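Structural description and commentary
Residue-level listing of the chains:
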Amino acid sequence: MALMKTAVIPEFFARLAAAMPEPETELEYENFYHLLVAVVLSAQATDIGVNRATKPLFEKIKTPAQMIALGEKKLIDYIKTIGLFRTKAKNVIALSHLLIERHEGKVPSDHAALQALPGVGRKTANVVMNVAFGEATIAVDTHIFRVGNRTGLAPGKNPLQVELKLLKRVPEEYRLHAHHWLILHGRYTCKARTPLCPACVVADLCTFKGKTVVA
C-alpha cells in the first residue's frame with residue numbers, strides 16, 4: 001500500500017468535514033457515565049445493537065450507584081443480546097464500584113485513570129476522552145484501522161501503530177473530529193467487503209489500487 005502524500009492530507013479531511021460537518025458518536029447516552037458504559041459494551045458489537053440494549057437500561061439507570069443496586073444478574077438481562085455480555089456485565093459492575101471508590105462516582109477526565117477501570121482499554125479511554133472531554137484523541141477501531149491502511153493515510157500492522165501515525169499525520173485543526181470522520185467514512189463508504197469508491201469524496205486522494213467501479 002502506497003503512503004498517501006502528506007500534501008493532500010489537509011484536502012482529505014477538508015472534504016470529509018464538508019460531507020460531515022458535525023460528526024459525533026452514534027452511541028446513545030444521557031451523561032458521561034452512560035457514555036463510558038456504552039463504549040465498554042460496544043467492544044466487538046455494533047452501535048445499533050448496543051443502543052437497542054441500553055435504551056431501556058439507561059431509562060432506569062443513571063449513576064454508578066444505581067448500576068450496583070441493579071446487580072450483575074439483572075444487568076445481564078438487559079445486555080444479553082450483546083456479545084461477551086457476561087464479561088461485560090461483570091466489568092460494568094466492577095468499574096461502577098471503582099468510580100464511587102476513587103472518583104466520587106464521576107467519570108475521570110484522565111487517560112490513565114480511565115484505563116485503570118475494568119473493561120476499559122486504550123480505545124475505550126480514547127473515545128471517552130474525545131467525546132466527553134474534547135481531547136483530540138483518535139480511537140482506532142476496525143473501521144479506522146481499515147481506512148488508515150486502505151487509503152494509505154496511516155498504514156500500520158496494529159491499532160496502536162495506526163493511532164500513532166494518525167496523530168502525526170492528521171493536521172491539528174482536524175484532529176478533534178478525525179476519528180469520527182474516519183469511523184463514519186469506514187462504516188458507510190469505505191466498507192470492508194465492497195467499498196463504495198464511486199460515491200467516495202476522497203477517492204482521488206486515496207492510494208487504494210483495488211477501487212470498485214460500481215457503487
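One can find the structure itself at the top, above this paragraph.
Described below are features of the structure shown in this document. (Residues numbered from 1 in each chain as written. Predicted model: local features only at pLDDT ≥ 70, side-chain atom pairs only at ≥ 80, totals over all residues. Heavy atoms only, no water.)

Remarks on the overall build of the protein
Scanning the protein for helices and strands turns up eleven helices and zero strands. When the helices and strands of the protein are listed from N to C terminus, the series reads α-α-α-α-α-α-α-α-α-α-α. Rg of the C-alpha trace for the protein: 18 Å, near the compact-globule value of 17 Å for 215 residues, within the 12% margin. Dimensions of the protein, computed from the C-alpha atoms along their principal axes, are close to 55 × 35 × 30 Å. Split into buried and exposed, the 215 residues of the protein put 48% on the buried side. In the protein, the proportion of contacts linking residues at least 24 apart, taken out of those at least 6 apart, comes to 60%. (Helix = DSSP H or I, 4+ residues; strand = E, 2+ residues; numbered from the N terminus. Rg over C-alpha atoms; globule rule 2.2 N^0.38 Å. Buried < 20%, exposed > 50% of the residue type's maximum accessible area, 1.4 Å probe, protein only. Contact = heavy atoms within 4.5 Å.)

What about helix 1 (residues 9–19)?
Inspection of helix 1 places Ile9, Phe12, Phe13, Leu16 and Ala17 among the buried residues, and these make up the whole buried set. In a view along the axis of helix 1, the buried residues occupy a sector of 130°, so they form one face of it. Contacts made by the buried residues of helix 1 are with helix 10 (159–169) and helix 11 (172–188). (Arc of directions from axis to C-beta.)

Looking at the packing of helix 9 (residues 142–151) against helix 10
Relative orientation of the contacting elements helix 9 and helix 10 amounts to 65°, with a least axis distance of 10 Å. The two elements helix 9 and helix 10 cross, and the hand of that crossing is left-handed. Residues Ile144, Phe145 and Asn149 of helix 9 pack against Pro159, Val162 and Leu166 of helix 10. In terms of residue class, the contact of helix 9 with helix 10 is made up of five nonpolar, one polar and no charged. (Axes fitted to C-alpha atoms, helices over the stretch in contact; angles between N-to-C directions. Left-handed = near helix turned anticlockwise from the far one by under 90°. Nonpolar A, V, L, I, M, F, W, Y, C, P; charged D, E, K, R; others polar.)

A short note on the pattern of salt bridges
Pairs can form between side chains of opposite charge whenever their charged atoms are close. One pass over the full model with this rule turns up six salt bridges. Here Glu30 and Lys62 are joined by a salt bridge, their closest N and O atoms 2.9 Å apart. Residue Glu30 is found in the loop between helix 1 and helix 2 (32–41), and its partner Lys62 is found in the loop between helix 3 (47–60) and helix 4 (64–70); the two are separated by 32 residues along the sequence. For Glu30, a relative accessible area of 54% gives the class exposed. Here Glu163 makes a salt bridge to Arg122, at a shortest N to O gap of 2.8 Å. Of this pair, Glu163 sits in helix 10 while Arg122 sits in helix 8 (residues 122–133), and the two are 41 residues apart along the sequence. Judged by its relative accessible area of 5%, Glu163 is buried. Here the salt bridges do not stand alone but share partners, grouping Glu11, Arg15 and Asp204 into one network. (Salt bridge = Lys/Arg side-chain N within 4 Å of Asp/Glu carboxyl O.)

Overview of unusual backbone geometry
Phi angles above zero are rare outside glycine, and Gln44 is one such case at about 55°. For Gln44, the position within the fold is in the loop between helix 2 and helix 3. For Leu84, which is not glycine, the phi torsion reads 60° and is therefore positive. Summarising the element assignment, Leu84 is placed in the loop between helix 5 (72–79) and helix 6 (85–103). A residue is classified by how much of its surface remains accessible, and Leu84, at 52% relative accessible area, is exposed.

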